[in-house]
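Chain and residue survey
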Amino acid sequence: MADSEDKEQFVATVSEDHETTCWGCGLRLILPSNAPVFKCGWCGAVTNQNDKKRENKWFWWKRLRDRCFVFVLLGFMLLVIGGGLWAVLPILFDNSLFAGVLHSFIAAVLSLSTLSTFALASFGCAGTPPIIQWGSYPVVGKGHLENYTFCHDCLKPKSPRSHHCRSCGFCILDMDHHCPFIGNCVGAANHRHFILFLISAVASMLYVAFMSAYVGSQIWPPLTYRQPLDPLSGINSDVAWRTLTESFLALLNSALLLTARGLVLVYLFFAGISVQIGLSVLLWQQLSYIYEGKTYLSHLSAQRTATDEVVEKDCKNILLFFGCPFSVSRLLPTVRDSQKRHRK
Ligand SMILES: [Zn+2]
Ligand SMILES: [Zn+2]
Ligand SMILES: [Zn+2]
């Protein structure tokens, strides 16, 4: 029977006399009407009878595709790093040993920080909700499941700060969004790594664009104008147009003489600029949500924070997000907690 199946999954079922069982604490509840959504007066758990398990066809196939895409992206990043080093470093070392060593060091720092933060954001856990006891009275105390709902996919309580991601297949605490580029959700546990990755990637792409432009200008074949331009001939539209055409043709002519190194530098310059613009927009959007004390999802649903306190827009939110100011007492939770208990 459908009713008994639902009870097995701890889903409250309303009978004809409007009597039901709370999935959170197991108490029998009498409802004033056949309400589809109700909250338990004892544990605070919310039951939504319209909320059922949704079918997620091809889940493992989509998950595998997402993971493969991450490895493709990782390969592309290694290719850009390798290509950049091959194109830039020999020219810099030819110019001066100091410049070569300095830029090798900068490239190593930027590459390591970008790759490590990418790996942490992508392969680390995005943040699982805390394990909480549920299902029977008096194990579940008064208000212990305040505003918790039941996740029919994970078959366990979902805190008001959690959201079920259908791409990852489980609930994520403080979920911001599911990012296809890292093949993972951005949540409480990896949000900081994700922001650090964006900062590192934007800095790296700026550096790539700048260095490829600089080294490109060093090895660019000389521009040869077919007709010498006279700067004293005055400015009129005819001269300006001729100058523009001649410059373009000279640039095109010399571009045809570019070596493989030159072509790689041209590619890196345009890739660096375009990727950097895209990531900067994303970084700016993310930092503005953190400044407002929100995640992307809570911004969309215009929800308040879990504690129902309105978080003020403040730069302190950004500092707190990155763990500043760092306090040594944070490392000593036992001492701090016992002091609190003592004061009580
Ligand atoms: Zn209850
Ligand atoms: Zn879930
Ligand atoms: Zn996800």
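The protein goes by S-acyltransferase in an unreviewed UniProt entry, where it is assigned to Linum tenue. Per UniProt, the comment on the protein under Catalytic activity (unreviewed entry) is "L-cysteinyl-[protein] + hexadecanoyl-CoA = S-hexadecanoyl-L-cysteinyl-[protein] + CoA".

1. What about the overall build of the protein?
Looking only at helices and strands, the protein features nine helices and 10 strands. When the accessible surface of the protein is split by element, carbon and sulfur atoms take 66% of a total near 21500 Å².

2. Some points on the coordination of the zinc ion (ligand 1)
At 2.3 Å from the zinc ion (ligand 1) lie its protein donor atoms, namely Cys22 (SG), Cys25 (SG), Cys40 (SG) and Cys43 (SG). If you look at the zinc ion (ligand 1), its four donor atoms make angles of 103 to 115 degrees with each other, and the shape they trace is tetrahedral. In the primary structure, the donors to the zinc ion (ligand 1) are separated according to the pattern C-x2-C-x14-C-x2-C.

3. Comments concerning the coordination of the zinc ion (ligand 3)
Ligation of the zinc ion (ligand 3) by protein atoms is provided by Cys165 (SG), Cys168 (SG), His178 (ND1) and Cys185 (SG), these donors lying 2.1 to 2.3 Å from the ion. Taken together, the four donor atoms coordinating the zinc ion (ligand 3) span angles of 100 to 117 degrees at the metal, a pattern that classifies the geometry as tetrahedral. Read in sequence order, the donor residues coordinating the zinc ion (ligand 3) give the pattern C-x2-C-x9-H-x6-C. With Cys168 in the loop between β7 (162-165) and β8 (170-173) and His178 in strand β9 (residues 177-179), this residue pair connects regions lying 10 residues apart in the sequence. The residues Cys168 and His178 share a single accessibility class, namely buried.

4. With respect to unusual backbone geometry
Following Tyr137, the chain continues to Pro138 via a peptide bond in cis, the omega torsion being 5 degrees. Relative to the assigned elements, Pro138 resides in the loop between α3 (97-123) and β5 (149-151). Positive phi, close to 65 degrees, is recorded for Asn147, a residue that is not glycine. Unusually for a residue other than glycine, Asp174 sits at a positive phi of about 50 degrees. Turning to its location among the elements, Asp174 is positioned in the loop between β8 and β9. Residue classification places Asp174 among the partly exposed residues on the basis of a relative accessible area of 24%.

5. Overview of the pattern of salt bridges
Going through the model one piece at a time under the given rule, you end up with four salt bridges. Between Lys39 and Glu146 there is a salt bridge whose closest N-O contact spans 2.7 Å. Placement of the pair is Lys39 in strand β3 (residues 37-39) and Glu146 in the loop between α3 and β5, with a sequence separation of 107 residues. Overall, the relative accessible area of 42% leaves Lys39 in the partly exposed class. A salt bridge links Arg65 to Asp66; the shortest N-O distance between them is 3.8 Å. The partly exposed category is assigned to Arg65, whose relative accessible area is 46%.

6. Considering the environment of Gly262
For Gly262, the location among the structural elements is in helix α6 (residues 260-291). In sequence terms Gly262 and Gly216 are 46 residues apart; their C-alpha atoms lie 6.2 Å from each other.

7. A few points about the pairing of β8
Both β7 and β8 contribute to a ladder of four bridges, which runs antiparallel. Residue Ser162 lies in a different strand from β8, and its bridge partner there is Leu173. Remark: four residues form the turn of the hairpin made by β7 and β8, two consecutive strands paired antiparallel; Gly169 in that turn has positive phi of roughly 90 degrees.

8. Quick word on the UniProt feature "transmembrane region" (unreviewed entry) in the protein
Per the UniProt entry, the sites bearing "transmembrane region" (unreviewed entry) are residues 68-93, 105-126, 194-219 and 265-284 in this numbering. Helix and strand shares over residues 105-126 are 86% and 0% respectively, and the end C-alpha atoms of the span are 31 Å apart. With 100% helix and 0% strand, residues 194-219 has end C-alpha atoms that lie 37 Å from one another.

9. A closer look at the nonpolar core
Residues Phe118, Ile182, Phe194, Phe197 and Leu198 are the most contacted members of the largest nonpolar core, which totals 19 residues. Of all the secondary-structure elements, those providing two or more residues to this core are α2 (59-95), α3, α4 (191-219) and α6. With six residues, α4 is the largest single contributor of residues to this core. Among residues more than four places away in sequence, those in contact with Leu198 are Leu279, Leu282, Leu283 and Gln286.

10. Quick word on α2
Every α-helix carries 3.6 residues per turn, so stepping three or four residues along brings you back to the same face. Look at α2: 54 Å from first C-alpha to last across 37 residues, which is about the 54 Å you get at 1.5 Å a residue. Val88 marks where α2 bends most, by close to 30 degrees; the proline Pro90 follows one to four residues later.

How each quantity is defined
Residues numbered from 1 in each chain as written. Chains lettered and ligands numbered in written order. Predicted model: local features only at pLDDT ≥ 70, side-chain atom pairs only at ≥ 80, totals over all residues. Heavy atoms only, no water. UniProt positions renumbered as here; feature names shortened; annotations may be inferred. Helix = DSSP H or I, 4+ residues; strand = E, 2+ residues; numbered from the N terminus. Areas by Shrake-Rupley, 256 points an atom, 1.4 Å probe, with all protein chains shown as cover. Donors = N, O, S within 2.8 Å, 3.2 Å for Na, K, Ca; no water. Tetrahedral: all angles 85-135°; square planar, octahedral: opposite > 155°, others 65-115°. Buried < 20%, exposed > 50% of the residue type's maximum accessible area, 1.4 Å probe, protein only. Salt bridge = Lys/Arg side-chain N within 4 Å of Asp/Glu carboxyl O. Pairing = 2+ DSSP bridges. Core = buried A, V, L, I, M, F, W, Y, C linked by side-chain atoms within 4.5 Å. Contact = heavy atoms within 4.5 Å. Expected span 1.5 Å × (residues − 1). Bend = angle between axes of the 7 residues up to and from the residue.

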